[in-house]
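What follows is each chain in one-letter form.
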Amino acid sequence: MKIEVGQRFDFEVDREDVENTESGSIIATWYHMGNPIYVELSVNKTMIHEIRSIFRNNRNKTALVSIARISKSKYVVSPTVVLLNKQLKDVKQLK
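Chemist: I'm lost on the packing of aromatic side chains in this one. Help?
Modeler: How two aromatic rings sit relative to each other is given by the distance of their centres and the angle of their planes. Applying the stated criterion across every chain yields a total of two aromatic pairs. An angle of 55° between the planes, with centres 6.2 Å apart, marks the rings of Phe9 and Phe11 as tilted. Exposure class is identical for Phe9 and Phe11. Each is buried. Ring centres of Phe9 and Trp30 lie 5.6 Å apart, and the angle between their planes is 85°; on these two criteria the pair is classed as edge-to-face. Of this pair, Phe9 sits in strand 1 (residues 8-14) while Trp30 sits in strand 2 (residues 24-32), and the two are 21 residues apart along the sequence. The class for Trp30 is buried, based on a relative accessible area of 16%. Following the ring pairs from residue to residue traces out a cluster consisting of Phe9, Phe11 and Trp30.

Chemist: Honestly, the side chain of Ser66 in this entry has me stumped. Any pointers?
Modeler: With respect to the helices and strands, Ser66 occurs in strand 4 (residues 62-69). Look past the residues within four positions of Ser66 in its chain and what remains in contact with it is Arg8, Phe9, Asp10, Val76, Val77, Ser78 and Thr80.

Chemist: Looking at this model, I keep getting lost on the environment of Glu4. Mind explaining?
Modeler: By the secondary structure assignment, Glu4 is in the segment before strand 1. Spatially, the C-alpha atoms of Glu4 and Ser71 are 8.7 Å apart, while their sequence positions differ by 67 residues.

Chemist: I tried to follow the pattern of salt bridges on my own but got confused; where do I start?
Modeler: Taken as a whole and judged by the stated rule, the model has two salt bridges. Notably, a salt bridge pairs Arg15 with Glu19, separated by 3.5 Å at the nearest N-O pair. Pair noted here: Arg15 and Glu19 are both in helix 1 (residues 15-19), with a separation of four residues, about one helical turn. Given a relative accessible area of 19%, Arg15 falls into the buried group.

What counts, and where the lines are drawn
- Residues numbered from 1 in each chain as written.
- Predicted model: local features only at pLDDT ≥ 70, side-chain atom pairs only at ≥ 80, totals over all residues.
- Heavy atoms only, no water.
- Phe/Tyr/Trp six-rings, centres within 6.5 Å; stacked < 30°, edge-to-face > 60°.
- Buried < 20%, exposed > 50% of the residue type's maximum accessible area, 1.4 Å probe, protein only.
- Helix = DSSP H or I, 4+ residues; strand = E, 2+ residues; numbered from the N terminus.
- Contact = heavy atoms within 4.5 Å.
- Salt bridge = Lys/Arg side-chain N within 4 Å of Asp/Glu carboxyl O.

Structure (structure tokens):
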């Protein structure tokens with residue numbers, strides 16, 4: 001999956017994947033309408049640097065990040081929250 005200029009996506013990324021990659025691709029979990037989908041995310045040095053900055057001040061193994069591409073070579077990466085919703089099939093499950 002490649003992020004084009006003007007697009008923004010929410011991903012869950014692993015620290016181990018980010019630390020072992022300079023460019024190429026990593027496996028990330030993309031949340032589309034609350035549903036997790038595993039994707040191969042194309043990354044370059046700029047994006048990896050921005051994602052590593054999220055991990056810099058903590059010891060978390062994974063991070064939920066929002067990645068927006070604002071120009072040909074500039075990305076904005078920020079922590080985010082993903083809401084997961086599941087519809088109940090039966091009202092009896094509420095009780």
